[in-house]
Amino acid sequence: MFKIKNKWVVLLGALLAQISIGSIYSWSLFNAPIAEAYGLDIDQVVTTFLIAIFFFAFATLVSGPMNTKKGPKLTALVGVALYSGGVFLSAFATTPAMFYLTYGVISGLGVGFVYVVPLATLVKWFPSKKGTFTGISVGTFAAGSIFFKFIIQYFLDQGANTPELIQSTFLKLSLVYIVLGG
């Protein structure tokens, strides 16, 4: 395995990962299409986001120590696998409980595992500018919702709100997240 020696490559990788997981804040774009496609009450769909945010926060309690003990590569790998895997599995969800598990729990955990890695890593690679690069990392995470708003909306605008459209959107997004996060 190769060792990265250029801190700017590390920065680029960290920011791509943050943009990817920042897309979690674009969940509201799915509320109406999923409710319509599956005949669900919109409150049931909205609850998916609440669960995802809870598990995001919970995962940081585990991923922080894991990052310290096992290193950023393994922690990020676990996070990317959970996040993109949860989104992939969401393509096959048809009930609120399935969305709660796939996107809420699995993807939410993935965000928490990935989130801590860029923060901790950038502080180590840029020790004289810790605050600057922590701010850049957190800001990039937030910008992920803006960036992915356009991508998700583009995918959802490809047809009527049907289960097939929702499935296609989640499958495409899972691939994008693997590429950006990996």
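Residues numbered from 1 in each chain as written. Predicted model: local features only at pLDDT ≥ 70, side-chain atom pairs only at ≥ 80, totals over all residues. Heavy atoms only, no water.

## A short note on the overall build of the protein chain
On a plain count of helices and strands, the protein chain comes out with 7 helices and 0 strands. Ordered by position from the N terminus, the helices and strands of the protein chain form the series α-α-α-α-α-α-α. Relative to the compact-globule value of 16 Å for 182 residues, the protein chain shows a C-alpha radius of gyration of 16 Å, a close match. Overall, the protein chain is about 55 × 30 × 30 Å in size when its C-alpha atoms are taken along their principal axes. Within the protein chain, the proportion of its 182 residues that are buried is 46%. Considering only contacts in the protein chain between residues 6 or more positions apart, those separated by 24 or more positions represent 76%. A total accessible area of about 8900 Å² is found for the protein chain, and carbon and sulfur atoms account for 72% of it. Of the side chains in the protein chain, 11 bear a positive and 5 a negative charge, and the two mean positions are spaced by 38 Å. (Helix = DSSP H or I, 4+ residues; strand = E, 2+ residues; numbered from the N terminus. Rg over C-alpha atoms; globule rule 2.2 N^0.38 Å. Buried < 20%, exposed > 50% of the residue type's maximum accessible area, 1.4 Å probe, protein only. Contact = heavy atoms within 4.5 Å. Areas by Shrake-Rupley, 256 points an atom, 1.4 Å probe, with all protein chains shown as cover. Lys, Arg positive; Asp, Glu negative; His and termini not counted. Charge placed at Lys NZ, Arg CZ, Asp CG, Glu CD.)

## Looking at the packing of helix H4 (residues 72-90) against helix H5 (residues 96-125)
At a closest axis distance of 7 Å, the pairing of H4 and H5 adopts a crossing angle of 155°. Considering the angle they form, H4 stands roughly antiparallel to H5. Our pair here, H4 against H5, has a crossing hand that is left-handed. (Axes fitted to C-alpha atoms, helices over the stretch in contact; angles between N-to-C directions. Parallel < 35°, antiparallel > 145°, perpendicular 65-115°, else oblique. Left-handed = near helix turned anticlockwise from the far one by under 90°.)

## Digging into the packing of aromatic side chains
Summed over the entire model, instances satisfying the criterion amount to 23 aromatic pairs. Arranged with centres 5.4 Å apart and planes meeting at 75°, the rings of Tyr 25 and Phe 141 form a pair that is edge-to-face. Of this pair, Tyr 25 sits in the loop between helix H1 (7-22) and helix H2 (28-38) while Phe 141 is found in helix H6 (residues 130-156), placing the two residues 116 residues apart along the sequence. Given a relative accessible area of 5%, Phe 141 falls into the buried group. When the centroid spacing of 6.4 Å and the interplanar angle of 75° are considered together, the rings of Phe 55 and Phe 58 count as edge-to-face. A residue pair is termed a helical-turn pair when its members lie 3 or 4 positions apart in one helix, as Phe 55 and Phe 58 do in helix H3 (residues 42-70) at 3 residues. Owing to a relative accessible area of 40%, Phe 58 belongs among the partly exposed residues under this scheme. Taken together, the aromatic side chains of Trp 27, Phe 30, Tyr 38, Phe 99, Tyr 103 and Phe 170 make up a single cluster linked through ring pairs. (Phe/Tyr/Trp six-rings, centres within 6.5 Å; stacked < 30°, edge-to-face > 60°.)

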